[in-house]
Amino acid sequence: MGVAHLTALDLDPVTLVRQAGQAGFASVGLRLHPVMVGALAYPMAVGSQVLRDLKAVMAWEGVRVSDIEFVSLTPEVDVAGFEPLLASGAELGAVSLTVSGDDAQTTRLSHNFAALCELAGRYGLRVDLEFMRWRQVGTLQQALAVLAAAGQVNSSVVVDALHLYRSGGDALAIAQVDPRHLRAVQLCDAPLLAPAEALIIQEAREGRLLPGQGELPLAQLLAVMPSDVAVSVEIPSSRLQGEERLQAAYAVTRDWMDRAGVSGF
């Protein structure tokens, strides 16, 4: 089980890896590129001292990097400009790059997604498209349509539990998806009833609950996922603060898995 950087985005990668390993997590996601201009991220170049330091801590803690993030596919996106990011991800042993779809022109969006997949493929990386209710690609069906139009074998959909249920999806919809498009799932919990529309983004960024503390049918979701799907905990929450938050995230999630009879992760 891994943990997404957004769970503790204020921690630099070295500190995140150290605390995640001590908590029990086997992998981390890293925010190496800002989700928007000026947003928090931790870029690092191949050959830099910070990257070498990170690899040393990863080896010491026995923690790997599962994915890197976050690229927004806007109308003006420069796909070629992400090559250094992909090179850094490959150097760290990452499996995938997470992106969002933020272009209303679907043909251009699919073209840019395909181009990014081709570039990522040169570094042995997959590109995972994450749908979010407030973005242009806001549903599972819209994300799958982009994958189909792009036609790239190294592409997948990130299934974030909160985004799935808040966008009208459910486990039944996931069960109908080709397993090759389901390579990563992010866990958190929340009330079954969504907040007011104006609070949807706030809930996603700072109001999530730990698995078992809400009402989302998470066990049903995991039951229809491929057995080898990568599972990570993504719980940005104003309730989780301090050095103990990763320990709490791991312990509570593992306890919920045991009680729910969820195995294999």
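Everything that follows concerns the structure shown earlier in this document.
Structure report, in brief. Every value quoted in this text rests on a predicted model; they were computed, and no experiment measured them.

A word on the overall build of the protein chain. Within the protein chain, the regular secondary structure consists of 10 helices and eight strands. Dimensions of the protein chain, computed from C-alpha atoms along their principal axes, come out at roughly 45 × 40 × 35 Å. By sequence separation, contacts in the protein chain at least 24 residues apart represent 81% of the contacts at least 6 residues apart. As displayed, the protein chain offers around 11200 Å² of accessible surface, 53% of which is attributable to carbon and sulfur atoms. Between the mean site of the 19 positive side-chain charges and the mean site of the 29 negative ones, the protein chain shows a separation of 1 Å.

To continue, consider the environment of Gly 21. Position of Gly 21 among the secondary structure elements: in helix α1 (residues 13-23). Note: C-alpha distance between Gly 21 and Leu 246 (225 residues apart in sequence) is 9.3 Å. Not counting the four nearest positions on each side in its chain, Gly 21 is found in contact with Glu 61 and Val 63.

Before going further, it helps to examine the nonpolar core. One finds Phe 25, Phe 113 and Leu 116 to be the most contacted residues of the largest nonpolar core, which totals 83 residues. Broken down by element, the residue count for this core peaks at seven residues, all from helix α4 (residues 106-121). Discounting residues that sit within four places of it in the chain, Leu 116 has contacts with Val 71, Leu 73, Val 79, Phe 82, Leu 86, Leu 97, Val 99 and Val 127.

Take Ser 237: it is sitting in the loop between β8 (230-233) and α10 (245-260). Given the relative accessible area of 9%, Ser 237 is considered buried. Apart from residues no more than four positions distant in its own chain, Ser 237 is found in contact with Glu 206, Gly 207 and Arg 208.

A word on the packing of aromatic side chains. In this structure the tally under the stated criterion is one aromatic pair. Ring plane angle 85 degrees and centroid distance 5.1 Å describe the contact between Phe 25 and Tyr 250, whose orientation is recorded as edge-to-face. Here Tyr 250 lies in helix α10 and Phe 25 lies in the loop between α1 and β2 (27-31), a separation of 225 residues in the sequence. Tyr 250 matches Phe 25 in its accessibility class, with the two residues each being buried.

Take the pattern of salt bridges next. This structure, assessed with the given rule, holds 13 salt bridges. As a salt-bridge pair, Glu 69 and Arg 31 come within 2.9 Å of each other at their nearest N and O atoms. Placement of Glu 69 in strand β3 (residues 64-73) and of Arg 31 in strand β2 is noted, with a sequence separation of 38 residues between them. Its relative accessible area of 2% is what places Glu 69 among the buried residues. Looking at Arg 31, the relative accessible area reads 7%, which means it is buried. The closest approach of N and O atoms between Asp 160 and Arg 208, which form a salt bridge, is 2.9 Å.

Thresholds applied
- By convention here, each chain's residues receive numbers from 1 onward along its written sequence.
- Predicted model: local features are reported for residues with pLDDT of at least 70 only, side-chain atom pairs are reported and counted for 80 or more only, and whole-chain, interface and lining totals are derived from all residues.
- Remark: hydrogens and water are excluded; side-chain values derive from all non-hydrogen atoms of the structure.
- In DSSP terms, a helix is any run of H or I states spanning at least four residues, a strand is any run of E spanning at least two, and both are numbered starting from the N terminus.
- Should any heavy atoms of two residues lie within 4.5 Å, those residues are counted as being in contact.
- Only the protein chains shown count as cover for residues, and the accessible areas themselves come from Shrake-Rupley with a 1.4 Å probe.
- By the counting scheme adopted, Arg and Lys are positive, Glu and Asp are negative, and His together with the chain ends is not counted.
- Every charge is mapped onto a representative atom, which is NZ of Lys, CZ of Arg, CG of Asp or CD of Glu.
- In these notes, a set of buried Ala, Val, Leu, Ile, Met, Phe, Trp, Tyr and Cys residues joined through side-chain atoms within 4.5 Å is what counts as a nonpolar core.
- Only protein chains enter the area calculation, which uses a 1.4 Å probe; residues under 20% of their type maximum are buried, those over 50% are exposed, and those in between are partly exposed.
- In this scheme Phe, Tyr and Trp rings, the latter by its six-membered ring, pair at centre separations within 6.5 Å, and the angle between planes marks the pair as stacked below 30 degrees, edge-to-face above 60, and tilted otherwise.
- Whenever Lys or Arg places a side-chain nitrogen within 4 Å of a carboxyl oxygen from Asp or Glu, that contact is recorded as a salt bridge.

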